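# Residue-level structure breakdown
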Amino acid sequence: MAGRINDDDVKAVRDAVPIDSVVSEYLQLRNAGGGNLKGLCPFHDEKSPSFQVSPGKGLFHCFGCQEGGDTIAFVMKIDHLSFSETVERLAAKAGITLRYEEGGYNPSHQRGERIRLIEAHQAAAEFYVRALESPEAEIGRKFLAERGFDQDAAAHFRVGYGPAGWDHLTRYLRGKGFSDKELITSGLSQDGRRGPIDRFRGRLMWPISDTAGEIVGFGARKLRDDDNGPKYLNTPETPIYKKSQVLYGIDLAKKDIAKASRAVVVEGYTDVMACHLAGVTTAIATCGTAFGNDHIKILRRLLMDNGSARVIFTFDGDSAGQKAALRAFEDDQKFAAETYIAIAPDGMDPCDLRLAKGDDSVRDLVEPRTPLFEFALRQIVGRYDLETPAGRAAALDEAAAVVAKIKTSSVQREVAVQLAGFVGILDQEFVVHRVAQLARWARDKGGDHGERGGRGGPRSARGGAPQQTAPAPGFSGPALNLRSPAHRTERELLKLALQKPALVSPAFDAYGLDEFTAPPYAAVRRCIEEAGGVEQGLADNREYLVAVMDAAPDNTVRSLVTELAVEVFIGKTIDETYAGMQLVHVRLRAVDRRINDVQGSLARLGSHVAPQDLAAAQNEVWVLQQYAQSLRAHGAAAL
């Protein structure tokens, strides 16, 4: 069995792959000041971005959920990979060949499960693309051509064809070194009476990629009448494919979604193709499931919920499309973006619309038309006879319950006013009152506990750090309180020691653990000491930070290290003068505490203290007082 990856190779991988480029594959990043970038955290739900990335240090940290670390830690966390799987994946991205300590290069059969499954899907995609050129695949090429997609379009979206035989792909992947177990686990093959057979046979194939662009599954379209399977057949749930967590086309659309702050949600693979080819390059689709909460999380991280963000749904105009729109409206408030619905004339989907009326018609379709809330409410109200008082009352009862779920009171009132118009009730305040009453009842029953997933407490305007934090697990002592001058200064000094070690070296390395009054800060000070002190950061700051994190006794301390390593400083000008002030303030408070401790002990003992002990204590106080006076008079020069 292969051994551990060579340490120098791990360092080479960490240095070669910029953390901001990796993180940007999963969420949109914007300038946060101080050389840092920010975005919506991919590890917990939040309304405002508290996730920060420091490209210069190769670190990330979320001030909301406290997740943090380097590029390797990010990929391990977000894709649920082991350390070795992550390094192998990043090494492949950077073109680095890894060495292993016990016996040469890692054989392919020993690679991590996720990497093997991804490789199997990549090989399958290449197989399907080649198969689309075969005589047998004429029916697939004809299907595409009839929908306006030529050979270049098929190549751009990597559309392929699954041969109709029982095990063409299975035998091909076996020849590539994949085991039967891997093929079954991947969902590319399934158990047959005499062993594994191909899952997708005689169908047109669309590869489904995750946000990072790795193929994790396929969607297969029926082409022949004698195929007794469903019209569309998707990859089953596997270790790498969760249908509620993938969006077809997200790999192609993510950059334009982030750039334009707009996403267009369509219903099928050909609709995505039609939109992109028509110039609507922000189009994506779900894969055989309703648009749900996990899909919203993916889009929110790309849109970053700025004020101009828009999500446009293009559901069919039939009853199924209307139900889909109502389901989407249920999740509407999980976006901070404005949501709209666009339905083409005659209920055509984008693919049919492009074929019938051209690219311009598709571009016109997705220009925001009807707010989703308005469409949803009109669908509800439209089921009742509004010509009668009983019909209007029934329509109001059902629609008001939906409006009451809107958490923002100003928006709730505005929509309630519009609802009055939809129902035909002239007394708008009556409708507003009814909606507010239903909202109060829901809260009283415990149905609304306020917004979830935001940042967990007030934060400073500059640094983004919490004003007060409960004591972290494993620490004894009082909670951190950044209104405390002592805690605030200790925090700044540790940030300097991690981010700008040259400004506090060599003085910082002489500071004891007892000079940090907050136990969590003392724990970080110990990590710096065990990593060799700030002097180690003068040559290579990234390796120094890795060493400090490695010295952390648990994830709680490690998280605090990454937090301090990326947090913005309180001061505007960070130079030797600023660093000297923090060094002096921390040392001066430690000296004053020692003076108070000695004098307090003498006061408690009174006349019971031995003469020689009294003299020694008085001498210590005198020396400390002189030192404190010097610090106040000369600043950092007296350290």
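Note: the structure precedes this text.
Figured I'd write up the structure that's included with this text. None of these values were measured; they are calculated from a predicted model. (Residues numbered from 1 in each chain as written. Predicted model: local features only at pLDDT ≥ 70, side-chain atom pairs only at ≥ 80, totals over all residues. Heavy atoms only, no water.)

## Let's talk about the sheet that holds strand 15 (residues 338-341)
Threshold: Paired strands are those between which DSSP finds at least two bridges. Segments assigned H or I by DSSP are reported as helices when at least four residues long, segments assigned E as strands when at least two residues long, and all are numbered from the N terminus.
Spatial strand order, 13-12-14-15-16: five strands in an open sheet with mixed pairing. Looking at strand neighbours, the two that pair on one side only are strand 13 (283-285) and strand 16 (370-371), the edges of this open sheet.

## Concerning the environment of Val557
Along the chain, Val557 turns up in helix 23 (residues 555-566). C-alpha of Val557 to C-alpha of Val524: the two residues are 33 residues apart in sequence and 6.7 Å apart in space.

## With respect to helix 23
Condition: The span you would expect from a helix comes to 1.5 Å times its residue count less one. Relative accessibility thresholds used throughout: buried, under 20% of the residue-type maximum; exposed, over 50%; partly exposed, between the two (1.4 Å probe, protein chains only). Definition of a polar contact: a pair of N or O atoms within 3.5 Å, with one able to donate and the other able to accept a hydrogen when the atoms are protein atoms, and with sequence-neighbouring residues admitted only if both atoms are side-chain atoms.
Compared with the 16 Å implied by 1.5 Å per residue over twelve residues, the 17 Å span of helix 23 between its first and last C-alpha is a close match. The element helix 23 is extensively covered by neighbouring structure, given that nine of its twelve residues are classed as buried. Buried within helix 23 are the following residues: Val557, Ser559, Leu560, Val561, Thr562, Glu563, Leu564, Ala565 and Val566. Two or three places before Thr556, at the opening of helix 23, Asp554 has a side-chain oxygen 3.1 Å from that residue's backbone nitrogen.

## A look at the sheet that holds strand 9 (residues 203-209)
Stated formally: Every axis corresponds to a line fitted to the C-alpha atoms, with the helix fit spanning only the stretch in contact, and the corresponding angles, defined between N-to-C directions, vary from 0 to 180 degrees.
An order of 6-9-10-11 is seen for the four strands of this open sheet, with the pairing classed as antiparallel. Lying at the two open borders of the sheet, with one neighbouring strand each, are strand 6 (160-162) and strand 11 (232-234). Neighbour to neighbour, the strand axes of the sheet diverge by 35° on average, direction disregarded. With seven bridges connecting them, strand 9 and strand 10 (residues 215-222) associate as antiparallel partners.

## Structural notes on the environment of Arg89
Basically, it comes down to this: Whether two residues touch is decided by their heavy atoms; if any such pair falls within 4.5 Å, the residues are in contact.
Inspection of the secondary structure assignment puts Arg89 in helix 4 (residues 83-94). A residue is classified by how much of its surface remains accessible, and Arg89, at 11% relative accessible area, is buried. Between the alpha carbons of Arg89 and Ile115 there is a distance of 7.2 Å; along the sequence they are 26 residues apart. Apart from residues lying up to four places away in sequence, Arg89 is in contact with Tyr26, Val75, Asp79, Leu81, Arg114, Ile115, Ala212 and Glu214.

## Description of the nonpolar core
As a rule of thumb, soluble globular proteins bury nonpolar side chains together. Using the following cut-off: Nine residue types can take part in a nonpolar core, namely buried Ala, Val, Leu, Ile, Met, Phe, Trp, Tyr and Cys, and a core is a set of them joined through side-chain atoms within 4.5 Å.
Ranked by size, the top nonpolar core spans 44 residues in total, and within it Leu144, Val159, Leu204, Trp206 and Tyr248 carry the most contacts. At five residues, helix 11 (residues 269-277) tops the list of elements feeding residues into this core. Those residues in contact with Leu144 that lie beyond four places of it in its chain are Leu132, Phe149, Ala154, Val159, Leu204 and Trp206. Leu493, Val534, Leu560 and Val586 belong to the second-largest nonpolar core, a separate cluster that totals 37 residues.

## Digging into empty space enclosed by the protein
Rules: With a 1 Å grid laid over protein atoms only, a set of points is called a cavity when a 1.4 Å probe fits there but cannot get out and a pocket when it is open yet has protein on both sides within 12 Å along at least five of seven lines; lining residues have an atom within 4 Å of a point. Grid points are joined across faces, edges and corners, and a volume is the space filled by probe spheres set on the points. Nonpolar residues are Ala, Val, Leu, Ile, Met, Phe, Trp, Tyr, Cys and Pro. Charged residues are Asp, Glu, Lys and Arg, and all others, Gly as well, are polar.
In this structure the tally under the stated criterion is one cavity of 30 Å³ or more. The computed volume of the largest cavity comes to approximately 60 Å³. Arg14, Lys57, Gly58, Leu59, Asp70, Thr71, Arg542, Leu545, Val546 and Met549 are the residues that line the largest cavity. No other element matches helix 22 (residues 541-550), which puts four residues into the lining of the largest cavity. Its residues placed into classes, the lining of the largest cavity shows four nonpolar, two polar and four charged.

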